[in-house]
Structures are given as C-alpha cells and as structure tokens.
Amino acid sequence: MIFLDLFLTFFKIGAFTFGGGYAMLPLIQEEVISHGWMTQDLLVNFIAVSESTPGPFAINMATYVGSQVGGAFGVWGSIFGSFCATLGTVLPSFIVILIVAQFYEKFKSSKTVKGLMSGLKPAAVGLIASAVLTIATTALAPAGWSFGLLTSPDFYASLAIFALGAVLAFKKKHPILIILLSAGLGIIWGYLPV
Amino acid sequence: MKEKLKNCFEVFWTFFKIGAFTFGGGYAMVPLIQKEAVVKKGWITDDDILEIIAIAESTPGPIAINSATFVGYRAAGFFGAMSATLGVVLPSFVVILAISYILEEFQSFKPVQYAFFGIRAGVLALVIKALWTMYKKCPKGAVSYILLAASFVLAAFTDINVIFVIIGCAVFGLISSIIAERRLKQ
C-alpha cells in the first residue's frame with residue numbers, strides 16, 4: 001500500500017531528524033532515493049524550490065514527494081499522497097512536543113537530554129557534510145568525478161556560479177536572491193554559443 | 001466552548017500567517033513568532049522564546065513544527081497545539097501541491113533546464129553556508145569532533161542506515177557526558 005508506505009517513511013524521517021532543515025537531508029536522500037521516489041538531480045532542484053517557497057523544508061519535501069508518488073492515482077491520489085507524507089512528518093514532533101510541554105521544567109534541566117544532545121549536534125554537522133558531498137557531485141560533476149572535468153566548460157561554469165553563490169551566502173545575502181541569480185546565470189550560460 | 005473555539009481559530013490564523021510568510025523555514029520563523037505570539041498576543045514571553053528554540057532543537061522534527069506546537073499548546077491547550085500545527089503547515093502544503101504540477105509541466109523546457117543547472121550550483125553554496133552555521137553552534141572538544149567525523153564518514157562512504165548513525169551518536173554523547181560528570185565529582 002503506497003500511501004501507508006509514504007506515511008511510515010516520512011514518520012521515520014520526522015522522528016529521527018534533530019536540528020531541523022538541512023540536518024534531515026541525508027535521511028531524506030536515503031529514504032526517498034532508495035524508494036525510487038525521486039532522483040538526486042530532482043532532489044537538489046527541489047531544495048531550491050523549497051528555499052523560495054514559504055514553509056519548512058521538511059514539510060515542503062513531504063508534500064512534494066507525496067504528490068508525485070500519489071499522482072499515479074490521479075489528482076485525488078496526489079492530494080492524498082501529500083496528506084499522508086505531511087502527516088507522517090508532523091506527527092512525531094507533535095506528539096513529542098505535547099509530552100515535553102507537560103514536563104517542561106524537568107526536560108529543561110535533564111542531564112540525559114543534555115547528554116544525548118551533545119552527541120546529536122555533531123552528528124547533524126557530519127550528516128550535513130555528507131549531504132554537501134552528494135550535492136557537490138550533482139551540481140559540479142553529474143557524470144562523476146574524473147580528470148575529464150578539467151576540459152569540460154560546463155564544469156567551470158558551475159564552479160563559477162557556485163563561487164559567486166558562496167561569496168553572497170557568506171555575506172548573508174538572502175537565499176532567494178542567490179537562487180534567482182544562479183538561475184539567471186544558468187540560462188545565460190545555456191544560450192552562450194560555446 | 002465558544003471562547004475556546006475563538007482562541008483556537010486565533011492560534012490557527014496567527015500560525016497560518018507565520019507559515020505563509022516564512023521562507024526557508026526553521027530559524028527564519030523565530031522573529032515572526034516573537035512579534036505575533038509575544039508582542040501582539042502575549043501568549044508567551046521573550047524568555048519563553050529562547051527556551052522554545054532550545055526545546056525545538058532537542059526534539060525530533062522540523063523546528064517550525066516544534067515551536068508552533070509548543071506555542072499553540074501554551075496558548076490554548078491540546079486543540080491550540082493542533083490549530084497552530086495545522087496553520088503553519090497549510091500554506092506550504094497548498095503552495096507545494098500547486099508547484100508540483102507546474103514543475104512537472106515545465107521541467108522539459110530548455111530554459112528551465114538551463115536555470116536549474118545554475119540553481120544546483122547555487123544550492124551547493126547555500127548548503128555549505130548552512131553547514132558552517134551548524135558547525136559554529138556545535139560543541140567544541142574531542143568527543144564532538146570524533147562524532148562529527150564518524151557520522152560524516154559513515155553517512156558518506158558506507159551503506160549503514162543514517163538512523164543508526166544518529167542513534168549511535170546520541171548514545172555515545174550520553175555515555176561520554178556521564179563519564180565526564182563522574183570524573184568531575186571525583
């Protein structure tokens with residue numbers, strides 16, 4: 001049952017993501033790609049879509065994948081698929097927060113929570129770093145890393161766009177500005193007679 | 001009863017607005033929550049905001065959902081929590097559902113493909129920036145660096161499920177903090 005699978009998969013993603021946002025990328029990558037619900041290319045494209053639309057990344061991702069997968073059953077299938085995936089993502093947080101809200105004071109001063117967090121924080125950084133690696137391959141070397149890249153004009157073009165984006169990102173420019181600029185440069189590059 | 005319904009709707013509407021005007025999610029939402037829930041509605045205080053962020057970070061799930069559920073609960077109990085979560089999710093749900101059709105239609109267009117070629121390079125820059133931000137907030141020290149390196153290597157170069165990496169790091173962090181405390185006592 002595809003809808004149950006959607007719900008359970010995104011429940012798992014929701015339940016095991018700490019730190020929010022990009023920390024959930026490796027888990028999403030693993031689950032969504034191994035199910036064959038999305039390609040790596042599309043996933044990276046969708047990060048950009050998600051940055052330029054309102055709402056949390058995880059919800060956007062769940063809604064999108066749900067609609068794509070459920071789309072095999074028509075419009076209502078795609079809406080129901082989105083619903084199942086989004087509900088799955090939200091439910092673990094919802095339940096946990098309701099429980100924590102009861103034991104607010106205890107939770108705040110709990111040494112166990114602090115200990116667990118001291119392991120989860122570096123794990124999130126390591127996981128994002130591994131996502132960076134896959135995204136770097138998708139963005140710069142879609143056919144894989146090889147010396148052939150050094151003679152590929154596309155490689156230098158994407159490297160230049162990346163470098164400009166990195167400078168702007170560290171200057172705290174808005175992500176949407178960076179995405180629009182990269183899109184514009186990509187179009188210009190595509191139509192350049194090289 | 002009527003009063004309660006009105007409260008829930010107010011919570012729903014507030015978080016619907018927050019959900020609709022937050023791009024990038026998570027932390028981008030904090031100033032909006034502060035303005036709406038602290039200044040305008042008085043559901044929570046400024047001190048609460050900091051604690052809510054800390055709790056949202058140390059519980060599973062998206063930060064946006066966690067903080068919405070928490071504030072909603074404080075404002076109007078269980079149904080408040082439900083209204084807040086529904087409110088914050090609904091705008092992205094509707095927008096993305098619409099976009100998933102549009103994206104499908106336009107993906108084969110040449111200019112769109114060229115645009116995404118550039119966008120993928122831009123996304124790489126954004127994710128590296130996010131990595132740097134997360135790294136700065138990460139505790140410094142030997143245990144932390146070992147876990148960081150281990151989770152990177154395991155996630156990037158092995159087939160081990162990411163969930164096991166996460167559980168392993170959490171347990172390792174807990175054990176090492178217990179040992180550190182014992183040493184401190186002696």
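Residues numbered from 1 in each chain as written. Chains lettered and ligands numbered in written order. Predicted model: local features only at pLDDT ≥ 70, side-chain atom pairs only at ≥ 80, totals over all residues.

A. The arrangement of the confidence of the model for chain B in detail. Scored by pLDDT, chain B comes out at a mean of 89, with 98% of its residues at no less than 70. When mean pLDDT is compared element by element in chain B, helix H6 (residues 142-157) of chain B scores highest at 94, while helix H3 (residues 46-57) of chain B scores lowest at 82. (pLDDT = per-residue confidence, 0-100. Helix = DSSP H or I, 4+ residues; strand = E, 2+ residues; numbered from the N terminus.)

B. Molecular detail of the nonpolar core. The biggest cluster of nonpolar side chains holds 114 residues, and the ones touching the most others in it are Val65, Ala124 and Ile128 of chain A together with Val71, Val123, Leu124 and Val127 of chain B. Broken down by element, this core gets its largest block of residues, 17 residues, from helix H4 (residues 63-106) of chain B. Mapped onto the domain boundaries, this core takes at least three residues apiece from domain 1 (2-106) and domain 2 (111-185) of chain B. The residues contacting Val71 of chain B, other than those within four sequence positions of it, are Ile33, Ala37, Trp43, Ile44, Ile52 and Ala84 of chain B. (Core = buried A, V, L, I, M, F, W, Y, C linked by C-beta atoms within 7 Å. Buried ≥ 20, exposed ≤ 12 C-beta atoms within 10 Å, placed from the backbone. Domains from an automatic or database assignment. Contact = placed C-beta atoms within 7 Å.)

C. Layout of the interface of chain B and chain A. If you look at the interface, chain B gives 79 residues, while chain A gives 90 residues. Looking at the side of chain B that touches chain A, the elements with two or more residues in it are helix H1 (2-20), H3, H4, helix H5 (110-137), H6 and helix H7 (162-185) of chain B. Per-element tally for the side of chain B that touches chain A: the top contributor is H5 of chain B, with 21 residues.

D. Representation of unusual backbone geometry. All names here are of chain A. The phi angle at Lys172 is positive, at roughly 65 degrees, despite the residue not being glycine. Mapped onto the secondary structure, Lys172 falls in the loop between helix H8 (153-170) and helix H9 (175-191). On the basis of neighbour counts, which here come to 7 C-beta atoms within 10 Å, the residue Lys172 falls in the exposed class.

E. How the structure looks around the environment of Gly126 of chain A. Relative to the assigned elements, Gly126 of chain A resides in helix H7 (residues 111-140). Looking at Gly126 of chain A, the number of C-beta atoms within 10 Å reads 28, which means it is buried. On a C-alpha basis, the gap between Gly126 of chain A and Pro142 of chain A in space is 23 Å, while along the polypeptide they are 16 residues apart. With sequence-adjacent residues up to four places away left out, Gly126 of chain A is seen in contact with Leu147, Leu148, Ala149, Ala150, Ser151, Phe152 and Ala155 of chain B.

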